[in-house]
Amino acid sequence: MSLFQYKEMYERMDALERLDLTFHWGPYDIRVLHCHLVQFSPGKIINFHMHAEYEFHFIPGGKGTVILEDTQYPLGPGMFYLTGPNVLHYQEADMREPMEELCLHIDIVKRPASKQSSEPISRSSDWEELEAVNCIEKLQSLPTQPAMDKYMAMSCFVEAYRAAQHSYIGSYTTIKQAIIQILLRSVRAYEKPEEDLLSIPTRNMKQYRYKLAIEYIRTNYAQQISIDDVAQNLRLSTRQLQRLLKEMEPTQSFSQIVEVIRLSAVCKQLLASDASIEAIALQCGFSSGNYLHSVFKQKYGITPAQYRLENQPRINGSAVLQLNEGGAFTDEI
């Protein structure tokens, strides 16, 4: 992103400064103190000082120098450096041209640790917390020297500014995520290839695809449905889906799986409504009431009408015969 694309931030320089931005990220409370674009005139000096909080300095244009602790570094377009907490620093713009700076000044406070769970990490919130901890721990140990903004953290300033200016639906979340991205992309800029990084959680694809297949059938059982339809929805070949179902349900064919799901729906309809057997059969994907009668009796030993008669009076307060996913009757309270 070239320098001119940041110029819109001069239109209202306090747009982000006026917002009271405090949010949670993992176990941390993050408070935004400053977030703006500023221009230093040629030769402008910011004398030695330090902050109790974190301050990120990004240079989209111009050049100058910075002294971090007791070491001097050149600054140029596309560079950034971090000061704080308690890092003594001095900054000076080039004598011949102004220097632009995108500044993010934040306070990061870790909340008191909650009771640790022995459960394995599974929820997305658990992974977000783990990434937050990993990022902040790395932030606390970054070297006190400038780096190149390899992952375009600077673009997040513009995204946050536009969200603050236009106040669209989700603008607060956009600003929050922009700030988090600045932290993450800054840390990534210092990563070394040999570092042991966190792995994003992965799925058991067989179980995941099987679950999607069953969910698709449950959603569409009332329609004419074929194994080709399900395979196409999962972006698998029919042969791949056949192998998957055979592995996950070795005793049932595709048509049997569909039939069990339809019969389960029939049982619910028989107890929940006074609709005719014919109407329920059509609603649940059977070609006729007579066909449903035959399938139901052959598989479970009673007719749909007998099932309704024997179970409807027992709905409130006692056991009701239901079909489980395996196609057998079970008692549910």
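These numbers come from a predicted model, not from an experiment. (Residues numbered from 1 in each chain as written. Predicted model: local features only at pLDDT ≥ 70, side-chain atom pairs only at ≥ 80, totals over all residues. Heavy atoms only, no water.)

Participant: In this structure, what is going on with the overall build of the protein? I would like to understand it.
Facilitator: Looking only at helices and strands, the protein features ten helices and twelve strands. Split into buried and exposed, the 333 residues of the protein put 42% on the buried side. Sequence separation of 24 or more characterises 71% of the internal contacts of the protein that already satisfy a separation of 6 or more. Taken as a whole, the protein presents about 18,900 Å² of accessible surface, with 49% of it coming from carbon and sulfur. (Helix = DSSP H or I, 4+ residues; strand = E, 2+ residues; numbered from the N terminus. Buried < 20%, exposed > 50% of the residue type's maximum accessible area, 1.4 Å probe, protein only. Contact = heavy atoms within 4.5 Å. Areas by Shrake-Rupley, 256 points an atom, 1.4 Å probe, with all protein chains shown as cover.)

Participant: What am I meant to see in the sheet that holds strand 2 (residues 28-40) here?
Facilitator: One key point about sheets: their strands pair by backbone hydrogen bonds, in either a parallel or an antiparallel sense. The six strands are arranged 1-2-9-4-7-10 in an open sheet whose pairing can be described as antiparallel. The open sheet has two edge strands, strand 1 (22-25) and strand 10 (147-148), and neither has a second partner. In this fold helix 3 (residues 171-188) packs onto strand 1, strand 2, strand 4 (54-59), strand 7 (79-83) and strand 9 (99-110), with an angle of close to 60° to the strand it touches most, strand 1. (Pairing = 2+ DSSP bridges. Axes fitted to C-alpha atoms, helices over the stretch in contact; angles between N-to-C directions.)

Participant: Looking at this structure, how should I read the pairing of strand 1?
Facilitator: Consecutive side chains along a regular strand alternate between the two faces of the sheet. Side-chain alternation along strand 1 places Phe23 and Trp25 on a buried face and Thr22 and His24 on a face that remains uncovered. Counting the residues between successive antiparallel strands, the hairpin from strand 1 to strand 2 contains two residues, one of them, Gly26, with a positive phi of roughly 55°.

Participant: Could you clarify how one ought to interpret the confidence of the model for the protein in this entry?
Facilitator: Caution is warranted with low-pLDDT regions, since their predicted coordinates should not be read in detail. Per-chain confidence: the protein averages 86 in pLDDT, with 86% of residues scoring 70 or above. Confidence over residues 315-321 falls short of pLDDT 50; this stretch has 19 contacts with residues more than four positions distant or in other chains. The low-confidence segment residues 325-333 (pLDDT under 50) makes 27 contacts with residues lying over four places distant or belonging to another chain. (pLDDT = per-residue confidence, 0-100.)

Participant: Even after reading the chapter, I still don't get unusual backbone geometry, so can you show me in this structure?
Facilitator: Trans peptide bonds make up most of the peptide bonds, and negative phi angles are found at most residues other than glycine. Cis geometry marks the peptide bond from Gly84 to Pro85; its omega dihedral reads -5°. For Met152, which is not glycine, the phi dihedral falls at a positive 55°. Along the chain, the position of Met152 falls in the loop between strand 10 and helix 2 (155-166). Of note in the backbone geometry, Arg235 takes a positive phi value of approximately 60° without being a glycine. Within the fold, Arg235 resides in the loop between helix 5 (227-234) and helix 6 (238-248). For Arg235, a relative accessible area of 76% gives the class exposed.

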